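Read off the chains here:
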Amino acid sequence: MEQRRYTKTQIKNIAEGVLESYSDGEFPVKVLQIAKNLELEVYDATFDKDDVAGMLKAKEKKILIAQSDSPLRQRFSIAHEIGHYVLHYYGKLFEEKDQEKHISFRDNTSSLGFSVREIEANFFAANLLMPEAKIRELYSGGFSMEEMAYFLNVSKIAMGHRLEYLGLIDE
Ligand SMILES: [Zn+2]
């Protein structure tokens, strides 16, 4: 049984640290810029399997993203793969060195989508693209879910999940 390695608070803090150190502080968050600042190269790719959304080749510092996906989905996938790199390869808490290649499946089509590392990378991505402080600021400013999704350049579904998680809207 795989143990959870990070608490949600740890992941939130790590994602905020990445934003602090590797982004320009503007919104929407520039995921390609963050990847570049981490010396990760991002490539479009065609995968044999339809359910692969992205892949991290950590040792080669490459992120491959399914080119057939929508721009919003690709954006989330890049943030997710950055999460794998930071949490599961580069990070100090990383214990095993067997994660040099990480394939990320879509969570709705593969049970692998529910593995601990997938959940951690998704939570990292949510915190990277939709930082809690920014959301609370927008929420206080009276912005709707749709407006926030547009402002942060994320899907309405992702925005909705994030607002639910933060307790700002009902499920
Ligand atoms: Zn993944």
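Residues numbered from 1 in each chain as written. Predicted model: local features only at pLDDT ≥ 70, side-chain atom pairs only at ≥ 80, totals over all residues.

Q: Would you mind showing me how to read the pairing of strand 2 (residues 52–57) here?
A: Working note: regular strand, side chains alternate between the two faces of the sheet. Most of strand 2 is tucked away, with five of its six residues classed as buried. In terms of strand pairing, strand 2 meets strand 3 (residues 62–66) through four bridges, oriented antiparallel. Bridging across to strand 3, Lys-57 finds its partner in Lys-62. Counting the residues between successive antiparallel strands, the hairpin from strand 2 to strand 3 contains four residues, one of them, Lys-61, with a positive phi of roughly 55°. (Buried ≥ 20, exposed ≤ 12 C-beta atoms within 10 Å, placed from the backbone. Helix = DSSP H or I, 4+ residues; strand = E, 2+ residues; numbered from the N terminus. Pairing = 2+ DSSP bridges.)

Q: Looking at this structure, how should I read helix 7 (residues 156–165)?
A: What sets the pattern is the α-helix's 3.6 residues per turn: residues three or four places apart point alike. Burial in helix 7 covers these residues: Ala-158, Met-159, Arg-162 and Leu-163. Buried positions in helix 7, seen along its axis, are confined to an arc of 130° and lie on one side of it. Where the residues of helix 7 are buried, they touch helix 3 (71–90), helix 4 (116–129), helix 5 (132–140) and helix 6 (145–152). Directly beyond the C-terminal end of helix 7, a positive phi value near 75° is found at Gly-167. (Arc of directions from axis to C-beta. Contact = placed C-beta atoms within 7 Å.)

Q: I would appreciate a short explanation of the pairing of strand 3 in the present structure.
A: Most of strand 3 is tucked away, with four of its five residues classed as buried. Examined bridge by bridge, strand 1 (residues 41–45) and strand 3 share five bridges and lie parallel to one another. Following the sheet pairing, Tyr-43 is matched in strand 3 by Leu-64.

Q: What is the right way to look at the confidence of the model for the protein chain in this model?
A: Reading fine detail from the predicted coordinates is not recommended where pLDDT is low. Residues at a pLDDT of 70 or more form 84% of the protein chain, whose mean pLDDT is 87. Per-residue pLDDT, averaged within each element of the protein chain, yields its smallest value for strand 4 (residues 101–105) (68) and its largest for helix 6 (98). Across residues 92–98 the pLDDT falls below 50, and counting only partners more than four positions away or on other chains, this stretch makes four contacts in the model. Between residues 108–113, whose pLDDT stays under 50, and residues either more than four places distant or in other chains, the model counts nine contacts. (pLDDT = per-residue confidence, 0-100.)

Q: How do you make sense of the environment of Tyr-139 when you look at a structure like this?
A: Looking at the element boundaries, Tyr-139 is found in helix 5. Separated by 29 residues in sequence, Tyr-139 and Leu-168 have C-alpha atoms that sit 8.0 Å apart.

Q: Where do I start with the nonpolar core in this structure?
A: Generally speaking, soluble globular proteins have nonpolar side chains that are buried together. Formed by 42 residues in total, the largest nonpolar core has its most connected members in Ile-82, Phe-124, Leu-128 and Leu-129. The biggest single contributor to this core is helix 3, with seven residues. Composition of this core by domain shows at least three residues from each of domain 1 (8–129) and domain 2 (130–171). (Core = buried A, V, L, I, M, F, W, Y, C linked by C-beta atoms within 7 Å. Domains from an automatic or database assignment.)

Q: When you look at the environment of Arg-117 in this model, what are you seeing that I'm missing?
A: Inspection of the secondary structure assignment puts Arg-117 in helix 4. Residue class for Arg-117 comes out partly exposed when judged on the 19 C-beta atoms lying within 10 Å of it. Sequence separation of Arg-117 and Gly-83 is 34 residues, and the distance between their C-alpha atoms is 9.3 Å.

Q: Is there a simple way to think about helix 6 in this case?
A: Of all the positions in helix 6, only Met-148, Ala-149 and Leu-152 are classed as buried. One face of helix 6 carries all of its buried residues, which in axial projection span an arc of 100°. Residues of helix 6 that are buried sit in contact with helix 4, helix 5 and helix 7. Trailing helix 6 by a residue or two, Asn-153 shows a phi angle of about 55°, which is positive.

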